[in-house]
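Understanding the architecture of this molecule
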Amino acid sequence: MAINDDVILNIADFCPSTRALGPGLRAALWVQGCPIGCKGCIAPDWIPFVKANLLSPQEAGDRLLQNSDIEGITISGGEPMMQAEGLTAMIRYIREKKPINVICFTGYRYEALLRWDQTKKIQDFLIEIDVLVDGPYIEALNNGLTFPGSSNQRIIELSHEKVLSDRKWTPRRMEIHLRDRNILYVGIPPKNWHRENLSNGVNIFGPLVMEDK
Ligand code: SF4
């Protein structure tokens, strides 16, 4: 499948392996920039449309393929639909090398995406996604239990892969990844969790992970 060499992704961060963003061992990627701005967003640093890590789809795909044991990738942000073309190219590149399932979070409702997509770039992206978690985060609807952060968000299985329903996994889980220079929080945090609460002993659902960079 041809890949548009001109498309550049703006990536906020990567995680080479996690068990906190869907079933099985997964790699995760967060895009930079989101126009929605939900109150209580757990990733406020990734809302501004500023330059972060500018990478080709191939370069981003290679970052996600660092760990050959992954069975899937999870894409979040930021708002992935803002970079639909580049992410489509990245997924296709990865799938040329390895079969993977794809989970993607979006702040938009699925029906709105279908209506909005004049250029078909989002339609092409949706074709590559197995599971879409849709809708904005609404703090008042966070029940502290489910995989989406708030109960208005839906889990929509777009493919026949049955990525979620055929596997045992813990929906709400968060890991703390320790790196050389910083800490990365991965997953869906407990209700009322804030980064500054960490030192106060707030319960974390998942383990500490030492991450090789
Ligand atoms: S859609 Fe997601 S990234 Fe965007 S503001 Fe809402 S929670 Fe944050």
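Presented here is a report on the structure given in the accompanying data block. (Residues numbered from 1 in each chain as written. Predicted model: local features only at pLDDT ≥ 70, side-chain atom pairs only at ≥ 80, totals over all residues.)

Each helix and strand in the protein was counted, giving 4 helices and 10 strands. For the protein, the residues scored as buried account for 37% of the 213 residues in total. Considering only intrachain contacts with a sequence separation of at least 6, the fraction spanning at least 24 residues in the protein is 73%. (Helix = DSSP H or I, 4+ residues; strand = E, 2+ residues; numbered from the N terminus. Buried ≥ 20, exposed ≤ 12 C-beta atoms within 10 Å, placed from the backbone. Contact = placed C-beta atoms within 7 Å.)

The subject of this paragraph is unusual backbone geometry. Omega for the peptide link from G77 to G78 comes to 10°, which places this bond in the cis form. Along the chain, G78 falls in the loop between β4 (72-76) and α2 (84-97). In this model, K162 sits at a positive phi of 55°, which is unusual for a non-glycine residue. As for its position among the elements, K162 is in the loop between β7 (154-157) and β8 (174-178).

For the rest of this paragraph, the subject is the sheet that holds strand β6 (residues 131-134). Taken in spatial order, the 7 strands line up as β3-β1-β2-β4-β5-β6-β7 in an open sheet, and their pairing is mixed. Where the open sheet ends on each side, the last strands, each with one partner, are β3 (53-55) and β7. Across the sheet, the mean angle from the axis of one strand to that of its neighbour is 30°, orientation sign disregarded. As judged from the 5 bridges shared by strand β2 (residues 26-31) and β4, these two strands associate in the parallel manner. Paired with R26 across the two strands is G72, which belongs to β4. (Pairing = 2+ DSSP bridges. Axes fitted to C-alpha atoms, helices over the stretch in contact; angles between N-to-C directions.)

Further remarks concern the nonpolar core. What tends to happen in soluble globular proteins is that the nonpolar side chains get buried as a cluster. One finds A28, L29, I73 and M90 to be the most contacted residues of the largest nonpolar core, which totals 43 residues. Put simply, the parts of the chain that give this core at least two residues each are β1 (9-18), β2, α1 (57-64), β4, α2, β5 (101-105), α4 (121-128) and β6. With 7 residues, α2 is the single largest residue contributor to this core. Discounting residues that sit within four places of it in the chain, A28 has contacts with C15, T18, L21, I73, T74, S76 and V186. (Core = buried A, V, L, I, M, F, W, Y, C linked by C-beta atoms within 7 Å.)

Close to the ligand lie 13 residues, the nearest being C34, C38, C41, G107 and Y137. Here the residues of the shell around the ligand sort into 8 nonpolar, 4 polar and 1 charged. (Near = placed C-beta within 6 Å. Nonpolar A, V, L, I, M, F, W, Y, C, P; charged D, E, K, R; others polar.)

Another aspect to go through is the packing of α1 against α2. Across the interface, α1 lies against α2 with an axial gap of 8 Å and an inter-helix angle of 55°. Judged by the inter-axis angle, α1 sits oblique to α2. The two elements α1 and α2 cross, and the hand of that crossing is right-handed. In this structure, α1 uses P57, Q58, A60, G61 and L64 to contact α2, whose residues at the interface are G86, A89, M90, Y93 and I94. Residue composition of the contact of α1 with α2, grouped by class: 7 nonpolar, 3 polar and no charged. (Parallel < 35°, antiparallel > 145°, perpendicular 65-115°, else oblique. Left-handed = near helix turned anticlockwise from the far one by under 90°.)

This paragraph deals with α2. Between its first and last C-alpha, α2 extends 20 Å over 14 residues, near the 20 Å set by a 1.5 Å rise per residue. Along α2, the residues classified as buried are A84, G86, L87, T88, A89, M90, I91, Y93 and I94. (Expected span 1.5 Å × (residues − 1).)

For the rest of this paragraph, the subject is α4. Those residues of α4 that sit buried are I122, F125, L126 and E128. Along the axis of α4, the buried residues cluster in a sector spanning 155°; they form a single face. If you follow the buried residues of α4, they end up packed against α2, β5 and α3 (110-116). (Arc of directions from axis to C-beta.)

This next bit is on the pairing of β6. By the alternation rule, side chains of β6 split into V131 and V133 and L132 and D134, which are all buried. As paired elements, β5 and β6 share 3 bridges and run parallel to each other. In the sheet register, F105 faces β6, and the bridge partner there is V133. Of the strand pairs in this sheet, β6 and β7 are connected by 4 bridges, and their pairing is antiparallel. Its bridge partner lying in β7, V133 is registered against I155.

Here α2 crosses α4 at 35°, and the two axes come no closer than 8 Å. The chirality of how α2 crosses α4 is left-handed. Two secondary-structure elements touch here, α2 through A84, E85, L87, T88, I91 and R92 and α4 through K121, I122, D124, F125 and E128. Of the residues that constitute the contact of α2 with α4, the class distribution is 5 nonpolar, 1 polar and 5 charged.

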